Amino acid sequence: RVEIQALLDATPAGGTLTLPDGEYPVSRAGSMYYALHVPAGVTVRGSGATVIKQASGTAASVRVFQMDGAGATLERLTIDGNYAAQTVDEHRAGVFITAADVTVRDLISRNFTGDGVYVYTGADRAFIDRVTATGNQRNGITIAGGTGVTVVGGLYTGNLAQQVDSEPGTPNTVDDVTIANVTIDAGAS
């Protein structure tokens, strides 16, 4: 985790950090509620066989990727929550988005005790493209905030609670959401 975060921090806005094939276990960043923070304008790209795996025994409510930098992008990665090696907690997520103009593309988010992808307040114009969210113990994707959120392509299946969820509430609002060409397995919930 420390090495990947150092590479992320050294990548300038507009730059791309490409991670090679392999499985990378990541733990909590100190006392933060995430493992990895993606700075504004930075793209994190996997090889297509890159797996970021939540370390065994990760504390409750810790997300793997915190996307609070505007214009950041994640693509071509698999994020694995390592469900069998965690305590029960519905707030561990693969990706947690709180910034505008974030893109998540060609991503697999699986095996989290919480959600595969969580879109929260401030995530205006989030673009979720060809994401597969499966085997998560809560929702495949939760949209709890943001205006102009777009979810296209992808597969949401085998998540325990719901495949796609919207949970706005004070002060969160969800407005102008587009979901198109998505496969949703409604058989599990």
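See the structure printed just above.
Structural notes on the packing of aromatic side chains
Then step 1. In the structure shown here, the tally under the stated rule is three aromatic pairs.
Then step 2. Ring geometry for Phe-96 versus Tyr-118: centroids 5.1 Å apart, planes at 15°, classification stacked. Pair noted here: Phe-96 is in strand E8 (residues 95-97) and Tyr-118 is in strand E10 (residues 117-119), with a separation of 22 residues, a long-range link.
Then step 3. By relative accessible area, which is 10% here, Phe-96 ends up buried.
Then step 4. Residue class for Tyr-118 comes out buried when judged on its relative accessible area of 11%.
Then step 5. Here Tyr-118 and Tyr-120 contribute two aromatic rings whose centre-to-centre distance is 6.1 Å and whose plane-to-plane angle is 45°, an arrangement assigned as tilted.
Then step 6. The exposure class assigned to Tyr-120 is partly exposed, which follows from its relative accessible area of 30%.
Then step 7. The lysine or arginine in question, Arg-28, covers the ring of Tyr-33, its NZ or CZ lying 5.2 Å from the ring centre.

What to know about the pairing of strand E7 (residues 73-80)
Then step 1. Across the eight residues of E7, seven count as buried, placing the element largely inside the fold.
Then step 2. Note that strand E4 (residues 43-46) and E7 share three bridges and pair parallel. Note on E7: the bridge partner recorded for Arg-45 is Glu-75.
Then step 3. Here strand E5 (residues 50-54) runs beside E7; their pairing, made up of three bridges, is parallel. What sits directly across from Ile-52, in E7, is Ile-79.
Then step 4. In this sheet, strand E9 (residues 103-110) lies alongside E7 in parallel orientation, the contact comprising seven bridges. Residue pairing for E9: Leu-74 is matched across the bridge by Val-104.

Scoring rules and cut-offs
- Residues numbered from 1 in each chain as written.
- Predicted model: local features only at pLDDT ≥ 70, side-chain atom pairs only at ≥ 80, totals over all residues.
- Heavy atoms only, no water.
- Phe/Tyr/Trp six-rings, centres within 6.5 Å; stacked < 30°, edge-to-face > 60°.
- Helix = DSSP H or I, 4+ residues; strand = E, 2+ residues; numbered from the N terminus.
- Buried < 20%, exposed > 50% of the residue type's maximum accessible area, 1.4 Å probe, protein only.
- Lys NZ or Arg CZ within 6 Å of the ring centre and 35° of its normal.
- Pairing = 2+ DSSP bridges.

Bear in mind that shape data such as this cannot, by itself, settle questions of function.
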